[in-house]
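Listed below are the residues making up each chain.
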Amino acid sequence: MQLIIDTSIRQIVIKTKVMAEDREILREIWDGRVPICFSLASDEIFTLEHPDPFFLLVPRQSYFPLATDRVQRTFLKHVDPDNHGEMWLEYESQPLKWHYPVGLLFDMYNSKGPLPWNITVHFQNFPEDELLHCPSRDAVEAHFMATVKEADSLKHRAQVINSMQKKDHKQLWTGLQNDKFDQFWTINRKLMERLGEEGFKYLPFRIHQVLPEKPFIQKLFKPVSDEGRLFTLADLLRETVPHIFADDTSDVLRCEVYIQGVNPPLETPVQWLSEHFSYPDNFLHIALVNPS
Amino acid sequence: MPKIAYQKLETSKRKTTQQSIYFDLFCCTFPAGKLACINCTDRICESIQMPSTYLWAVSNQGRVFKLAANSTFWEEVKNRDSHITPGTLSQFRKVSAAVGVTWAVGCDRHLYIYVVSTDVPIRVLEWTYENERWTPFGGFSNKLLPTDPKHWSQDDGSVETPKESFQLPSAAWCWEEDWYFDENFYGHITDKGGWQYAVNFPNQWTAEQKWTSCVRRRKWIRHRKYTATDIWNKIPGVPGESSGTPFADVAIGGQDMPNQSLGQLCVWAITDSGKVYFRTNVTRDCPEGQNWQEISIGEDLEVIAVSVGPMGHVWITTWDGNALVRMGVTWDNVIGTHWVKVEAPSNEITFLQVSVGVNAVWAISRDGKIWFRRGVVGSSSDQESVTGSGWIEMVGEMSMLSVGLNDQVWGIGLNDRLIYYRLGVTPSNLGGKTWKAISLKAGKTIDSCSSYSSVASFDATYTCSASYTTDPLNPGKDSFITDDRSIHKKNDEIRGKQHSDLIDNGKEKESSQNDWNAEPDCDSKNTNNMNTGNVLKEALETVPKFKDFEINDQQVPKESKTETVDVGSKRDTVDVGKTLRCNTEDNTNYNSENDGTFKFSIFERQNSYDLSASDSIIDFVSDMELESDQDTEKSLRATSNEEKKSQREIIGDGDGQKNLDLSSKKNIELDTIDHRTADSSSNLPTVQNIKSSPEHHYDIDSLSCDFMVLTQSDFTGEPLFTAVSGMACNIDVMSTPLWFSSEFDFDKPKKSSITTFGSDKWRKILLNQLHARNLRELSKFQHYEQAIERTTWVKKGKMQWWREHKPCKWIECGLELEQGSIEKEGTLTIHYEHKKVQKHIQLQLSEIVCVVEVKDPSNKSVFGIFTTPRLRKNMALKLSTPTEEEEEDWVSSISQACCKLRGIKGPVHERAAWSTTALGDVFVHSPIPNLGDIPANEIFWYQLGGHLEKVESNRSGIVWGLGYDHTAWVYNGGYGGGLFKGLNSDLDKINSMTDIRSIYVYENQRWNPVTGFSYKALPIGRPTWSDISGREECTKENTKLPSVHWQWISDWMIDYTPQGGTDKEGWQYAHDYHMYYHGEKRWRDSVRRRRWGRKCKILSSGPWEEVEPLPLQDISIQIDYEEDSGLAAAVWAVGSNGDVMCRLGVTKQCPQGTHWQHVPTDQPFQSISVGGWYRVWAIAKDSSIWFRNGVSPQCPLGTRWFHVTPPPHGFRMHQVAAGKTAVWAVDDKYGLWYRKEITPTYPEGLCWIRVCGKVKQVSVGPQDQVWIVADVIDTPSGPVYGVVAKRKGITADLPGGSTWELGIGGGWSTVCIRGCAEEEREVSTEIGTDIASFPEMMTRTDQQGHTVAT
């Protein structure tokens, strides 16, 4: 008697219990690094000897202040000791916001550019109207935790983050700071869990537009419809930035959509994207880049 | 030829609990605590667990469907092949299903049984003894003394049983072979000719002839096999009654009664005359039962319905609407003693039907109201518990109800004929919450067997034009084809066949009035609009008969009949008349929500049964007459709507699947159809026209005959139902079946659901993009410095630590797990306070060899950490967390850290060693690089998800596991699962797993002269309620589940299956507590005990795939399998009832194989092992040892069993392990043996040599390495149970080895090193070189006698 196992039934049964965890994806995202060449702005070089550029692999999920300690220490030796302020970074005369994740900044400004990414380091003429000051790592932590909380209030009405202990918050931060995947995700997993069978209450996302640069777009958007339908990335974009579609019917875009350095298929459910493609601050940062 | 129809395998996770499977679930503690191991005798489980669980139902066309809990379409249950053989039927009125077997009332009112085929056939051993006596002159001869038994007799000699007296019970059976004598005498090999000798009858028999042997006997055996599986097989009626007792109802149950033999069922049936019958001796080996036994009901009551619960309780409903309960039903008297009437809620309420579950009884009154009986306790048999205490009215209106195995309830809606499932029925809320309709379609045809015979082609011819085919192009349009025409196309051959059939049918019809509706086909005419008139005409003809039948046979005054033919009982009435049924049922609502799949709505629904309760037969007739004109009109309309062309289109485009099967020849036939269509269309207009043509009439008969075939083989759509049976459906109370989730609709493109993320296309795209991104941004820049240096991180927690030096106690501590920055180091530190001084213990992670969860008598959540020095002392570092969740989190974290440090990640190495603990946890050792080189106590074991009793592997990474409930699982190459949450698992390959165990407590009593046996213990007693040892008090109330992942699935029940047997109340007697217990009271016995078991179920997960719901007790995979060979590996298994099976098609790529093949044996087996060169060793339950000869890739089943000499008298082998050449075995007293002098010439070896005792299990590796699990190891701190050990010093000169090297231990249950092939190196044994010539030798020794004596 010949029997063939029908696997499709099995698969369906299995998947009903799959949680929002896909280690393979998460690990790939976590391991993302951007090769960066830091050079001191030539007009700020004070010493005769020009400092060598600094080549680093910076984690995409991290923030520049967490990664540039040594850059700062090295270059400080070459600037005017009496006339220097807080370090800030610039790429093609675009000041880089330290409170954006590195990967997002890269996607916004250099997704098509040459590698390594050439970033100029400044210690003078801080662009006060464009950048926030970053006095210390504590400022980054404060900003980071505030963003995580905001994201959780959108996702779970802040129920998850509020139920966590202080040490959990600390572990989340140190995990990110020290580039410890397991340490970070042990906690972050809880933040990414769906309560019950439904999706997140609202999707924590920000759409960043470049050229012309505008403030990011953030709206209340439910990732799952009341009938249980999963909204896709196309739905999200049509809702928030309808102008990027070439017309009302097709899914042809006028610009490129970057999340975590890739162009996700528009049919990807945003619930899944949020669970897997969010930055550590729990926001799904979407960069819209004009093809140039 | 049509394609072979494949059976869709049931992949249900929900295991049936129909049969009791008892295993002790013991606590294990270390280092010095008690650890009881699983009693080896319990491992042999008598019960077979039949596959999956199905809901059965009968559609309004009389077709039987079943629905699996995880399926989303109804599957039609059909006869195995499409032959319409005498004695089988396709239309039914009622079903009553148990797991594996279903009883049904056919539309001819006979009873039918449907036995679901499994890979293990139903085989029954018949035997008889040939007795001889020695005389001085004639030697042994059959000249016996008058006091002796007859020449042919049963064991005790009382009955004369010549070979000829053994007849097959029914046509469903066949003999497997001719008689032959059995040469196996309780594991020993008999003298030549199978003779056993004794001094006299009856006496001690021996296998050898002695000088005092005056008599001898031999046992002749023969097997018969049940062949009528997957077929509706007729059950003979009540003898003495007029031919073909018409049955009205049948109910089966009693499968959960304690102490039942395998497959035993209580089958109760009701005849049309209202009598109650019980079918005796229904077991798995005798599915049809033996006789009908009438159960008197007295008082001239007539019964219309019966229901039997899983605990054997019987409720019947009488004509006048009373409910009666059978009292005194116990496992040793399943028939019960007397009936007790249960009062209806009020005088006006008359019951139509009652359905019985375990702790729930539901009833329907004639007005369709639903009543729930509260206070029913299934496990007790006193009157109050059986009858319950009161009726509660429930919402809804139903025409039928069925209560399932665990009190789940299904009903058929009174008006809409849909099946409803009662949601929210739990043990605490047996009434449930709401009714929910199961709105599913009938699936693609699934035949339960691939053996379509030549008829299949004939079949396909018709299926192509089936009227039910969905038209994908015109989903909204009725793709209705007038089948009558297509039927005409049948070729002469088939017509001829039908002719004869029909003639037979016709004769039968004439000869017996009662049988007039015996024609199975008559029901299917309804769909045939051309025949409408004709059918009606026939209906008119039959209605008078129907009247006669009713009046003559029932002898009921008309008034009372009028009462019964009301709304609720319409099904019964309707079914009587074949055409009436068409009118009353099929016209209901097929036109509702089916997107044009059907067009049954030929008649409008306006039937008499809807009108009022005072319906009568006469009304039916008048209705019929009224309708006939309308119907003709409608059929006209229908036909005119159907253009020939469109019909052809539909035929062409209809069901793609079916049309694939069409050959060009059939297309020609289709042309004929069209031609006929024209003909018949012209014939159609008047009823008279059709009437007047006898030939045409004839065609219609034959047509419907074919049509039955046709409807059987192709039906997609949503059926409506008349009967449902949930007694084979075991729904997990915690999870809703998939019936209601629309997203699992296979027909539609799969909609991404919130819960079904996974391997969708976009995920693959994204993953590829991420790979590309990291390649682009990283690969060329690897020499860059990392911006963020990695540092250590620490996980901390508060818990308790078991202080090992005095005073030994739990003390508060802090635990810190520090993982190193380069992931190559790390420490685990315990901080504690001793005499106000902070102290700490620090372990390097590299020292840890195992982290394991421990079941502690203190009921705390405890885990243990082993290091090599600790293993030497058998002392684990024990830590206890406040909650189980924290414990799992820590075990998972530490285990992961250790794995990372040792570079273990991803799938399990194919040459890994596997082991399981008494808790069912699975542990793996990945060989680095050679297992043999590492001291046993230094090897690192890490946990893998899943709950298994044992694991078997081989060196190519084919790994099978067996659960405690005997489910077979195959390792799918994943990792994680179980306590390794989310991120540490390979989610694609983690499946949910369930397993079932029983937890036991013992009730102890001591005899005293005043009160007899009582709980008043003498001073040196034991607790009234205790564990098996009697040292710990264990009451039913304080016995807890092993962990949060377990749940109770049964109540406490007396277990009648402990070793030694029990009396009828479950008691076992012994002279004293620690002595041997036996089932009957002897005069010296002063204590007794009985065992109470309660089943519980675990929900776990792991990288395992369930193989097939065939329960196994042992499995073995070929040890020297070469995966490059392109051949399938030899995999042999022993089913839980002792059947030996061979799994075919197992390869590295397909480790689960394709199907089972049964290997006949003379007795049930218990252990099997496949050694090198296809040498299969096995041990039967009578501990005889067998060697299978002739196994080869070409002949995977081998040729015959050779009986191998057993060990010396008094030792009974229990488990065998065959390595590359060596064969080791364990006896039932935990003695370890090896087989001496296995050579190519004597592959069966010379004799057994005992090595040592206290061995629970042995595993022999591919290099003949020997590992065991020791039952108990004595240490200075007390005994430690379940320790893995390795045999050292095995050489050619010393094949038994010299010493043991202890490994991991304390709570281990099994070990498997069959995959641990070491790199090829010079194996210095002579055997190793000798054995190279094995294959040739094996074939040479083949064709010899039945027995190889050495």
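The structure presented is a predicted model; accordingly, all values stated were derived computationally and were not measured. (Residues numbered from 1 in each chain as written. Chains lettered and ligands numbered in written order. Predicted model: local features only at pLDDT ≥ 70, side-chain atom pairs only at ≥ 80, totals over all residues. Heavy atoms only, no water.)

### Details of the nonpolar core
All names here are of chain A. Here is the rule: Joining through side-chain atoms within 4.5 Å is the link that ties buried Ala, Val, Leu, Ile, Met, Phe, Trp, Tyr and Cys residues into a set, and such a set is a nonpolar core. When accessible area is computed with a 1.4 Å probe and restricted to protein chains, residues below 20% of their type maximum are described as buried, those above 50% as exposed, and intermediate ones as partly exposed. Put simply, DSSP H or I for four residues or longer makes a helix, DSSP E for two residues or longer makes a strand, and each gets a number counted from the N terminus. Domain segmentation is taken from an automatic or database assignment of domains. Any two residues whose heavy atoms approach within 4.5 Å are treated as being in contact.
Residues Ile-36, Phe-38, Phe-64, Leu-96, Trp-117, Val-121 and Phe-144 are the most contacted members of the largest nonpolar core, which totals 59 residues. Ranked by residue count, the leading element in this core is helix α5 (residues 102-110), at six residues. Counting only domains with at least three residues in this core, you end up with domain 1 (2-30 + 138-289) and domain 2 (33-133). Apart from the residues within four sequence positions on either side, Phe-144 is in contact with Tyr-63, Leu-172, Trp-173, Leu-176, Phe-184, Pro-280 and Asp-281.

### Comments concerning unusual backbone geometry
With an omega of -10°, the peptide bond running from A:Leu115 to A:Pro116 counts as cis. One non-glycine residue, B:Tyr1230, adopts positive backbone phi at about 65°. Inspection of the secondary structure assignment puts B:Tyr1230 in the loop between β66 (1223-1227) and β67 (1232-1236). The exposure class assigned to B:Tyr1230 is buried, which follows from its relative accessible area of 17%. Positive phi is not limited to glycine here, since B:Lys1254 has a value of about 60°. Position of B:Lys1254 relative to the elements: it lies in the loop between β68 (1247-1252) and β69 (1255-1260).

### Some words on the UniProt feature "domain: Peroxin/Ferlin" (unreviewed entry) in chain B
All names here are of chain B. This is how it is decided: UniProt positions are given in the numbering used here, feature names are shortened, and annotations may be inferred rather than shown by experiment.
UniProt records the feature "domain: Peroxin/Ferlin" (unreviewed entry) for residues 121-182, 194-227, 994-1055 and 1066-1099 in the present numbering. When the span residues 194-227 is considered, its composition is 0% helix and 47% strand, and the gap between its end C-alpha atoms is 30 Å. Secondary structure within residues 1066-1099 divides into 0% helix and 50% strand; the distance between the first and last C-alpha atoms comes to 31 Å.

### Describing the confidence of the model for chain A
We count it as follows: Per-residue confidence from the prediction method is given by pLDDT, with values spanning 0 to 100.
With 91% of its residues at a pLDDT of 70 or more, chain A shows a mean pLDDT of 84. Low confidence marks residues 1-20 of chain A, where pLDDT is under 50. Its contacts with residues over four positions away, or in another chain, come to 56 contacts.

### A word on the sheet that holds strand β33 (residues 441-442) of chain B
Residue and element names in this part refer to chain B. Test applied: For two strands to pair, DSSP has to find at least two bridges joining them.
The mixed open sheet is built from five strands, whose spatial order is β33-β4-β3-β2-β34. Strand pairing shows two members of the sheet lacking a second neighbour, β33 and β34 (721-725), which therefore form its edges. Both strand β4 (residues 73-76) and β33 contribute to a ladder of two bridges, which runs parallel. Along β33, the bridge assignment pairs Trp-74 with Ala-442.

### Some remarks on the sheet that holds strand β57 (residues 1112-1117) of chain B
Residue and element names in this part refer to chain B. Here is the rule we go by: Helix axes are fitted only over the stretch in contact, all axes being lines through C-alpha atoms; the angle between N-to-C directions runs from 0 to 180 degrees.
Taken in spatial order, the four strands of this open sheet run β57-β58-β59-β60, and their pairing is antiparallel. Across the chains shown, the open sheet's two edge strands, defined by having one partner strand only, are β57 and β60 (1155-1159). When strand polarity is set aside, the average angle formed by the axes of neighbouring strands in this sheet is 25°. For strand β59 (residues 1140-1146) and β60, the ladder comprises five bridges, and the chain directions are antiparallel. By the bridge assignment for β60, Cys-1142 is matched with Gln-1157.

### With respect to the packing of aromatic side chains
This is how the line gets drawn: For Phe, Tyr and Trp, where Trp contributes only its six-membered ring, two rings pair if their centres lie within 6.5 Å, and the inter-plane angle classes them as stacked under 30 degrees, edge-to-face over 60, or tilted in between. Definition used: whenever NZ (Lys) or CZ (Arg) falls within 6 Å of the ring centre and also within 35 degrees of the ring normal, the charge is taken to sit over that ring.
Within the structure shown, the criterion is met by 56 aromatic pairs over all chains. Summarising the aromatic geometry, the rings of B:Trp1048 and B:Trp1052 are spaced 5.9 Å apart at their centres and angled 50° between planes, so their arrangement reads as tilted. Ring pairs connect the aromatic residues A:Phe38, A:Phe64, A:Tyr91, A:Phe106 and A:Trp117, which therefore count as one cluster. Above the ring of B:Trp435, the side-chain terminus of B:Arg422 is found at 5.0 Å from the ring centroid. We note B:Arg1091 situated over the ring of B:Tyr1000; from NZ or CZ to the ring centre the distance is 3.8 Å.

### Comments concerning the state of the cysteines
The criterion, for reference: Any cysteine sulfur atom paired with another within 2.5 Å is treated as part of a disulfide.
In this structure the tally under the stated criterion is zero disulfides over all chains. The thiol of B:Cys1195 is unpaired, and the distance to the nearest cysteine sulfur, on B:Cys1142, comes to 9.4 Å.

### Focus on the side chain of B:Glu126
Residue and element names in this part refer to chain B. Threshold: Here a polar contact is recorded for every N or O atom pair within 3.5 Å, except that within protein the pair must consist of a potential hydrogen donor and a potential acceptor, and residues adjacent in sequence are included only if both atoms are side-chain atoms.
Along the chain, Glu-126 turns up in strand β8 (residues 123-135). Looking at Glu-126, the relative accessible area reads 14%, which means it is buried. Side-chain polar atoms of Glu-126 contact the side chain of Arg-224, separated by 2.7 Å.

### Some points on the packing of helix α2 (residues 23-30) of chain A against helix α9 (residues 181-191) of chain A
When two helices pack together, their arrangement is given by the angle between their axes and by how far apart the axes lie. All names here are of chain A. This is how the line gets drawn: With respect to orientation, any angle under 35 degrees is reported as roughly parallel, any angle over 145 as roughly antiparallel, any angle of 65 to 115 as roughly perpendicular, and every other angle as oblique. Rotating anticlockwise by less than a right angle from the far helix to the near helix defines a left-handed crossing, while the corresponding clockwise rotation defines a right-handed one. Amino acids outside the nonpolar list (Ala, Val, Leu, Ile, Met, Phe, Trp, Tyr, Cys, Pro) and the charged list (Asp, Glu, Lys, Arg) are all regarded as polar, and Gly is one of them.
One way to put it is that α2 packs onto α9 with a least axis distance of 12 Å and a crossing angle of 125°. In this view, α2 runs oblique relative to α9, as classed from their interaxial angle. You can see that α2 and α9 cross each other, and the crossing is right-handed. Contacts from Arg-23, Leu-26, Arg-27 and Trp-30 of α2 reach α9 at Phe-181, Asp-182, Phe-184 and Trp-185. Considered class by class, the residues forming the contact of α2 with α9 number five nonpolar, no polar and three charged.

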